[in-house]
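# Breakdown of the fold
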Amino acid sequence: MKGHVVERSPGKWAIVLDIYGEDGKRRRKWHTFHTTSKRKAEEECARLVASMTGGTYIEPTKQTVAEFLEEWLSFIRPSVAPKTWERYAELCRKTITPQIGTVTLSKLRTDRIDAGLSKMLSAGRSDATGGLSPRTVGHAGGVLTKALGEVVVGGRLLSNPPSATTPPKVGRSKMTAYDATQTAVLLSVMRPTRMFVPVLLAVMCGLRRGEIAALRWGAIDLDGKNLAVVESAEQTAEGVEYKEPKSGRARTVALSGTVVAELRAHRIRQAEELLRLGLRPDASAFVVAQADGSPLQPRSITHEWVRLLAKAPLPRIRFHDLRHSHASQMLAAGVHPKIASERLGHSTIAITLDLYSHVMPGMQADAEEQVDAGIRRAVKAGDKDVR
């Protein structure tokens with residue numbers, strides 16, 4: 001294999017590579033290289049010859065990053081959850097493509113990606129009102145790394161440029177949660193509304209929004225004082241889909257006497273409401289439902305939560321923060337993190353400890369006091385024995 005260079009016009013060179021097939025026939029590959037120096041053109045020619053000889057040659061392509069990302073989105077769609085695909089598509093089309101979509105895939109380099117990430121932080125919003133959060137930009141970088149990993153595996157790139165970028169620093173946002181007093185006020189305010197039971201299940205049982213929307217009466221054992229979280233509702237542009245919980249496995253959540261009593265009363269009210277419509281509820285009926293028994297969409301729970309909370313004498317928090325409230329109150333009350341982790345449905349106890357580390361200092365102080373008290377008691381008992 002050999003090659004040579006030909007100057008086509010000032011600053012523009014053609015690199016011609018002679019390739020011989022197994023049949024001995026010659027064919028040529030042409031590369032365009034921009035430089036004013038013949039030496040640099042010859043160096044690039046030598047690099048291409050070496051890469052072809054060493055088996056690391058990448059065939060040039062005019063495909064852009066935007067075109068590739070659309071191809072990748074189509075490829076992964078059958079293998080990821082609908083909600084995950086929607087998020088990937090949103091990041092690709094609204095965040096990544098506006099910054100580096102026109103770059104030719106084979107010419108994409110780390111410095112170009114770093115410039116794109118910086119632009120996202122300063123002026124990346126689609127409504128032109130400023131930059132995106134470091135967390136969103138970090139997610140975009142992660143999606144780009146994942147997508148280009150397929151290109152490397154497929155042999156269209158030698159390396160994955162985003163893997164060498166510097167991701168933006170993401171600060172830990174302060175977790176907001178209600179204490180016991182605020183929780184009591186919340187339940188009182190929500191009691192006359194249809195949001196009472198969703199709020200009860202979130203703040204007293206730690207259920208996620210999707211788990212509440214998917215909960216059916218057949219999964220609740222009021223006599224045994226527990227419920228089983230076996231599925232979760234996921235809402236996408238195409239509708240609501242019921243799937244396994246976030247952790248990938250079912251869990252059992254113990255119910256307090258208060259929650260059992262409230263659920264019994266709710267079941268009676270719901271049955272009466274449905275019977276007036278000529279409907280008879282069964283084990284497959286949704287616990288949180290509309291007046292006709294049809295399930296509530298997860299987004300409807302959020303919208304109603306925001307509307308009602310605006311009228312309440314309480315700090316504004318997300319619906320998901322009710323779950324955080326339950327977790328914080330459990331840990332502050334001395335519940336072992338392992339038990340809290342199982343109740344919340346975290347895949348590992350490390351997640352619980354990381355999320356709620358702000359509660360731990362108080363627990364550590366209590367533990368130290370208990371250890372200290374125990375030692376003092378032992379010392380006193382030893383002194384008595386000596387006497």
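Residue numbering note: each chain is counted from 1, following its sequence as written. Local features in a predicted model are, by the rule used here, given only for residues with pLDDT of at least 70; side-chain atom pairs are given and counted only at 80 or more, and totals for whole chains, interfaces and linings are based on all residues. Computation of side-chain values: all heavy atoms of the structure, hydrogens and water removed.

### What about the packing of helix α2 (residues 65–76) against helix α3 (residues 82–100)?
At a minimum axis distance of 10 Å, the contact between α2 and α3 shows a crossing angle of 175°. One way to sum up the angle between α2 and α3 is to call them roughly antiparallel. Residue-level contacts link Val-65, Ala-66, Leu-69, Glu-70, Trp-72, Leu-73 and Ile-76 of α2 to Trp-85, Tyr-88, Ala-89, Cys-92, Arg-93, Ile-96, Thr-97 and Ile-100 of α3. As a working rule, the residues Ala, Val, Leu, Ile, Met, Phe, Trp, Tyr, Cys and Pro are called nonpolar, Asp, Glu, Lys and Arg charged, and the rest polar, with Gly in that last group. The residue makeup of the contact of α2 with α3, split by class, is 12 nonpolar, 1 polar and 2 charged. Axis lines are fitted through C-alpha atoms, for helices just across the contact stretch, and the angle between N-to-C directions can take any value from 0 to 180 degrees. Here a helix means four or more residues in a row that DSSP labels H or I, a strand means two or more in a row labelled E, and each is numbered from the N terminus. Angle categories are assigned with fixed cut-offs, so that under 35 degrees is roughly parallel, over 145 is roughly antiparallel, 65 to 115 is roughly perpendicular, and the rest are oblique. We call two residues in contact whenever any of their non-hydrogen atoms come within 4.5 Å of each other.

### Topic: the packing of helix α6 (residues 180–190) against helix α7 (residues 196–205)
It is the contact of α6 with α7, at a shortest axis distance of 9 Å, that shows an interaxial angle of 160°. Here α6 lies roughly antiparallel to α7, going by the angle between them. Seen along the crossing, α6 lies across α7 with a hand that is left-handed. Facing Thr-183, Leu-186, Leu-187 and Met-190 of α6, the residues of α7 in contact are Phe-196, Val-199, Leu-200, Val-203 and Met-204. Looking at the contact of α6 with α7, its residues break down into 8 nonpolar, 1 polar and no charged. By convention the crossing between two helices is left-handed if the near helix lies anticlockwise of the far one by an angle smaller than a right angle, and right-handed if it lies clockwise.

### So, α2
Since there are 3.6 residues in each turn of an α-helix, residues three or four apart along the chain are aligned in direction. A rise of 1.5 Å per residue sets the reference length of α2, with its 12 residues, at 16 Å; its end C-alpha atoms lie 16 Å apart and thus fit the reference within 8%. Only protein chains enter the accessibility calculation, which uses a 1.4 Å probe. A residue is then buried if its area is under 20% of the maximum for its type, exposed if over 50%, and partly exposed in between. Among the residues of α2, Val-65, Phe-68, Leu-69, Trp-72, Leu-73 and Ile-76 are the ones counted as buried. Angularly, the buried residues of α2 cover 140° about the axis, an arc narrow enough to put them on a single face. To estimate the expected span of a helix, subtract one from its residue number and multiply by 1.5 Å. Directions are taken from the helix axis to each C-beta atom, and the arc is the one they span.

### Things to note about the environment of Gly-3
By secondary structure assignment, the location of Gly-3 is in strand β1 (residues 2–9). You can call Gly-3 partly exposed: its relative accessible area is 33%. For the pair Gly-3 and Trp-30, spaced 27 residues apart in sequence, the C-alpha to C-alpha distance is 9.7 Å. Contacts of Gly-3, omitting those with residues within four sequence positions, involve Val-16, Leu-17, Cys-45 and Val-49.

### Digging into empty space enclosed by the protein
Over the atoms, a rolled probe matching the size of one water molecule traces out where space is still vacant. Cavities and pockets were defined on a 1 Å grid built from protein atoms only: a cavity is a group of points that admits a 1.4 Å probe but offers it no way out, a pocket is an open group of points flanked by protein on both sides within 12 Å along at least five of seven lines, and a lining residue is one with an atom within 4 Å of any such point. Grid points are joined across faces, edges and corners, and a volume is the space filled by probe spheres set on the points. With the rule as written, the count across this model stands at 1 cavity of 30 Å³ or more. Taken as a whole, the largest cavity spans an internal volume of roughly 40 Å³. Elements with a contribution of two residues or more to the lining of the largest cavity: α3, α4 (110–123) and α5 (134–154). Ranked by the residues each element gives to the lining of the largest cavity, the list is headed by α4, at 4 residues. Residues belonging to the lining of the largest cavity are distributed by class as follows: 7 nonpolar, 2 polar and no charged.

### Observations concerning the nonpolar core
Each nonpolar core is a collection of buried residues, namely Ala, Val, Leu, Ile, Met, Phe, Trp, Tyr and Cys, held together in the definition by side-chain atoms within 4.5 Å. Counting 43 residues, the largest nonpolar core has Val-199, Leu-201, Trp-305 and Leu-322 as its most contacted members. When contributions to this core are tallied by element, the ones reaching two or more residues are α6, α7, α8 (209–214), β5 (226–229), α9 (257–275) and α10 (298–309). For this core, the leading source of residues is α7, giving 8 residues. What Leu-201 contacts, discounting residues up to four positions off in sequence, is Gly-206, Leu-207, Ile-212, Leu-215, Leu-227, Leu-263 and Val-288. Formed by 26 residues, the second largest nonpolar core is a distinct cluster that contains Phe-68, Leu-91, Cys-92 and Ile-113.

### Details of the side chain of Thr-236
Inspection of the secondary structure puts Thr-236 in strand β6 (residues 232–236). Excluding anything up to four places from it in sequence, Thr-236 contacts Pro-82, Lys-83, Glu-86 and Arg-299.

### Focus on the packing of aromatic side chains
Stacked, edge-to-face and tilted are the three classes for Phe, Tyr and Trp ring pairs, Trp counted by its six-membered ring, which pair at centre distances within 6.5 Å; planes under 30 degrees apart are stacked, over 60 edge-to-face, the rest tilted. All told, the structure shown has 3 aromatic pairs when counted by the stated rule. Arranged with centres 5.8 Å apart and planes meeting at 75°, the rings of Trp-305 and Phe-319 form a pair that is edge-to-face. One end of the pair, Trp-305, is in helix α10; the other, Phe-319, is in the loop between α10 and α11 (321–332), and 14 residues separate them in sequence. Judged on exposure class, the residue Trp-305 and its partner Phe-319 are both buried. Two conditions define a charge located above a ring, namely a distance within 6 Å from the ring centre to NZ of Lys or CZ of Arg, and an angle within 35 degrees of the ring normal. Positioned above the aromatic ring of Trp-85, the side-chain terminus of Arg-77 is 3.8 Å from the ring centre. Its guanidinium or amino end placed over the ring of Tyr-242, Arg-216 lies 5.7 Å from that ring's centre, counting from NZ or CZ.

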